[in-house]
Amino acid sequence: MNFLSNRVEKLAESETLAMARLGNELKEKGVNVINMSIGEPDFATPDFVKLAAKEAIDKNFSYYTPVPGYKDLLEAISHKFKRDNNLNYKPSQIVASTGAKHSIINVVMATVNPGDEVILPAPYWVSYSEMVMLNEGVVVTMETDIKSDFKITPAQLEKAITPKTKMFLFSNPCNPTGTMYTEKELRALAEVFKKNPHVLIVSDEIYEHISFEGKMFSIGSIPEIADRTVTVNGLSKGFAMTGWRLGYIGAPEAVAKACVKIQGQFTSGANSITQKAAIVALKADPAVVKPMQEAFLRRRDLLISLMKEVPHTTINNPGGAFYLFPEISHYFGKRHGENVINNAKDLCMYLLNQGHVALTPGGAFGAPNYIRLSYATSEDIIRDAVARIKKALSELQ
Ligand code: PMP
Ligand code: GLU
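The structure reproduced in this document is the subject of the present report. Small disclaimer: the values here were computed from a predicted structure and weren't measured. (Residues numbered from 1 in each chain as written. Chains lettered and ligands numbered in written order. Predicted model: local features only at pLDDT ≥ 70, side-chain atom pairs only at ≥ 80, totals over all residues. Heavy atoms only, no water.)

Details of the packing of aromatic side chains
Link 1 in the chain: Across all of its chains, the model carries 16 aromatic pairs by this definition.
Link 2 in the chain: Ring geometry for Tyr207 versus Tyr323: centroids 5.6 Å apart, planes at 80°, classification edge-to-face. Placement of Tyr207 in the loop between strand S6 (200-204) and helix H9 (223-226) and of Tyr323 in strand S9 (residues 323-324) is noted, with a sequence separation of 116 residues between them. Each of the two residues, Tyr207 as well as Tyr323, counts as buried.
Link 3 in the chain: What links up through ring pairs into an aromatic cluster is the set Phe43, Tyr207, Phe296, Phe322 and Tyr323. (Phe/Tyr/Trp six-rings, centres within 6.5 Å; stacked < 30°, edge-to-face > 60°. Helix = DSSP H or I, 4+ residues; strand = E, 2+ residues; numbered from the N terminus. Buried < 20%, exposed > 50% of the residue type's maximum accessible area, 1.4 Å probe, protein only.)

Here's what the structure looks like:
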């Protein structure tokens, strides 16, 4: 008897998590695997944040929390949005959730009806498309490529919007490409949104603190579209708190309230200890995360210089996040003995089994000619990984 719903049968497993799992399985068998599949900072959570969590435990913050989050957390987020991003979300427009992933599914469930179109500039983060499909929305991808640094143009956007468009969802800085839009580029896109008031804009800014080129600009700070922009952020990346699970949104009040309704039925409020820790993290001077940002920049530069030496791969110069997304289609059709590489997934499996480096195939991000390397790891490991990749690729014929 198959008890599974059609909904879950259609759902793909998260490819980032799947590749990390395969890497770990090989590791458990005693193989020395380098895991550059999952996007997870290797740093420890800052001590002052850990201290706040310990205090919260001792002060017995052990009860259910208000569904949108503690009042002082919502105030801290509202203040952070204004201070760092020039965004004007009142505490009543903010909802804290169990990770940004949870925030995004809340928003999708709260707004997307079956048949509604959701525009995703490709490459897009792996879970966006599955979340939309889970909700019976229609994914409309906008193709970009490495030549234009994976950026969409206003003309392209104009063409993609139809009367059925409900949402435009993107990450900036972008996972998987590291692409970061400038203020000027976002203002140009906003001109198109101004003409299309039926489109809700969802800007996922979880990599805000990991940005290297120019100042981070939030599209929701443009007054004419502010009242229909949802800004997503969280603690996972910037504060190295992936396991703590805290994400949040600033949203139009009706959307925020709808997310609270959904969350109230599904998970209730986010973890109490994490919320208390998040308050001190968000209130701190953003300069506290600068050392991590600087380390990511050094790693990016190292990885770029090493990857330039890997034949038949093309890379961009990512302005943020901690991913490199090389074009690798030259290797399709090549073989290693009996093993034929037909696509990026085959190449990733080959690099895992032959080179012992776990990476993520681009197809999961809507870009089948690419693979993703996460460089949230030490410089020594990055050197070792690229040497392994180079050697394994050189053995393909
Ligand atoms: N958005 C993007 C673009 C991501 O890369 C991730 C991965 N962590 C998330 C959202 C989800 O983050 P969280 O850990 O807060 O759920
Ligand atoms: N967002 C990270 C990634 O893209 C973590 C894994 C996940 O949540 O999918 O690798």
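What to know about helix H12 (residues 290-307)
Link 1 in the chain: A rise of 1.5 Å per residue sets the reference length of H12, with its 18 residues, at 26 Å; its end C-alpha atoms lie 25 Å apart and thus fit the reference within 8%.
Link 2 in the chain: Turning to H12, its buried residues number three or more, namely Met292, Gln293, Ala295, Phe296, Arg299, Arg300, Leu302, Leu303, Ile304 and Met307.
Link 3 in the chain: The inward-facing, buried residues of H12 contact S9, strand S14 (371-374) and helix H14 (379-394). (Expected span 1.5 Å × (residues − 1). Contact = heavy atoms within 4.5 Å.)

Observations concerning the sheet that holds strand S7 (residues 229-234)
Link 1 in the chain: Taken in spatial order, the 7 strands line up as S2-S8-S7-S6-S5-S3-S4 in an open sheet, and their pairing is mixed. Strands at the two margins of the open sheet, each flanked by one partner only, are strand S2 (94-97) and strand S4 (138-142). The average undirected angle you get between the axes of adjacent strands in this sheet is 20°.
Link 2 in the chain: Inspection of the sheet shows strand S3 (residues 117-121) paired to S4 by 5 bridges, in the parallel sense. Looking at S4, one finds that Val118 is bridged to Val139. (Pairing = 2+ DSSP bridges. Axes fitted to C-alpha atoms, helices over the stretch in contact; angles between N-to-C directions.)

Side note on the site of ligand 2
Link 1 in the chain: What surrounds ligand 2 is the set Ser14, Thr16, Leu17, Ile38, Gly39, Lys101, Trp125, Asn175, Lys237, Tyr323 and Arg372.
Link 2 in the chain: Asn175 is positioned with one of its side-chain polar atoms (N or O) 2.9 Å from an oxygen atom of ligand 2.
Link 3 in the chain: Arg372 is positioned such that a nitrogen or oxygen atom in its side chain is 2.8 Å from an oxygen atom of ligand 2.
Link 4 in the chain: Burial of ligand 2 by the protein amounts to 88% of the accessible area it has alone, namely 280 Å².
Link 5 in the chain: A per-class count over the shell around ligand 2 returns 4 nonpolar, 4 polar and 3 charged. (Near = heavy atom within 4 Å. Polar contact = N/O pair within 3.5 Å; in protein donor to acceptor, adjacent residues only side chain to side chain. Areas by Shrake-Rupley, 256 points an atom, 1.4 Å probe, with all protein chains shown as cover. Nonpolar A, V, L, I, M, F, W, Y, C, P; charged D, E, K, R; others polar.)

Considerations on the sheet that holds strand S13 (residues 360-361)
Link 1 in the chain: The sheet built from 3 strands is open, its strands ordered S9-S14-S13 with antiparallel pairing. Two strands in the sheet have a free side with no partner beyond their single neighbour: S9 and S13.
Link 2 in the chain: For S13 and S14, the ladder comprises 2 bridges, and the chain directions are antiparallel. From the neighbouring strand, Pro361 faces S14, where its bridge partner is Ile371.

Quick look at the pairing of S6
Link 1 in the chain: The buried count for S6 comes to 5 of 5 residues, which makes it a mostly enclosed element.
Link 2 in the chain: Note that strand S5 (residues 165-171) and S6 share 5 bridges and pair parallel. Within the sheet, the bridge partner assigned to Ser171 lies in S6 and is Asp204.
Link 3 in the chain: Sheet topology note: the S6/S7 ladder contains 4 bridges and is parallel. Paired with Ser203 across the bridge in S7 is Thr231.

Points about the site of ligand 1
Link 1 in the chain: Contacts to ligand 1 come from 14 residues, most closely from Ala100, Asn175, Asp204, Tyr207 and Ser236.
Link 2 in the chain: A distance of 2.9 Å separates an oxygen atom of ligand 1 from a polar atom in the backbone of Lys101.
Link 3 in the chain: Between ligand 1 and Asn175 there is a distance of 2.7 Å, counted from an oxygen atom to a side-chain nitrogen or oxygen.
Link 4 in the chain: Alone, ligand 1 offers 390 Å² of accessible surface; in the complex the protein occludes 93% of this.
Link 5 in the chain: No other element matches the 3 residues that helix H5 (residues 100-111) contributes to the shell around ligand 1.
Link 6 in the chain: Its residues assigned to classes, the shell around ligand 1 shows 6 nonpolar, 4 polar and 4 charged.

What about the pairing of S3?
Link 1 in the chain: Of all 5 residues that make up S3, 5 are buried, and the element is covered over most of its length.
Link 2 in the chain: In this region the chain leaves S3, passes through helix H6 (residues 126-134) and returns to the parallel neighbour S4; the handedness of that crossover is right-handed.
Link 3 in the chain: Two elements, S3 and S5, share 3 bridges in a ladder whose sense is parallel. Bridge pairing links Val118 to Met167 in S5. (Right-handed = clockwise from strand over helix to strand, strands pointing away.)

What about the nonpolar core?
Link 1 in the chain: By size, the foremost hydrophobic cluster in this structure holds 101 residues, and its most contacted members are Leu73, Met167, Val230, Leu235, Leu347, Leu351 and Leu359.
Link 2 in the chain: Discounting chain neighbours no more than four positions away, the residues touching Leu347 are Ile328, Tyr331, Ile341, Leu393 and Leu396.
Link 3 in the chain: The next biggest cluster of nonpolar side chains, apart from the first, holds 21 residues, and it includes Ile152, Phe168, Phe170 and Ile225. (Core = buried A, V, L, I, M, F, W, Y, C linked by side-chain atoms within 4.5 Å.)

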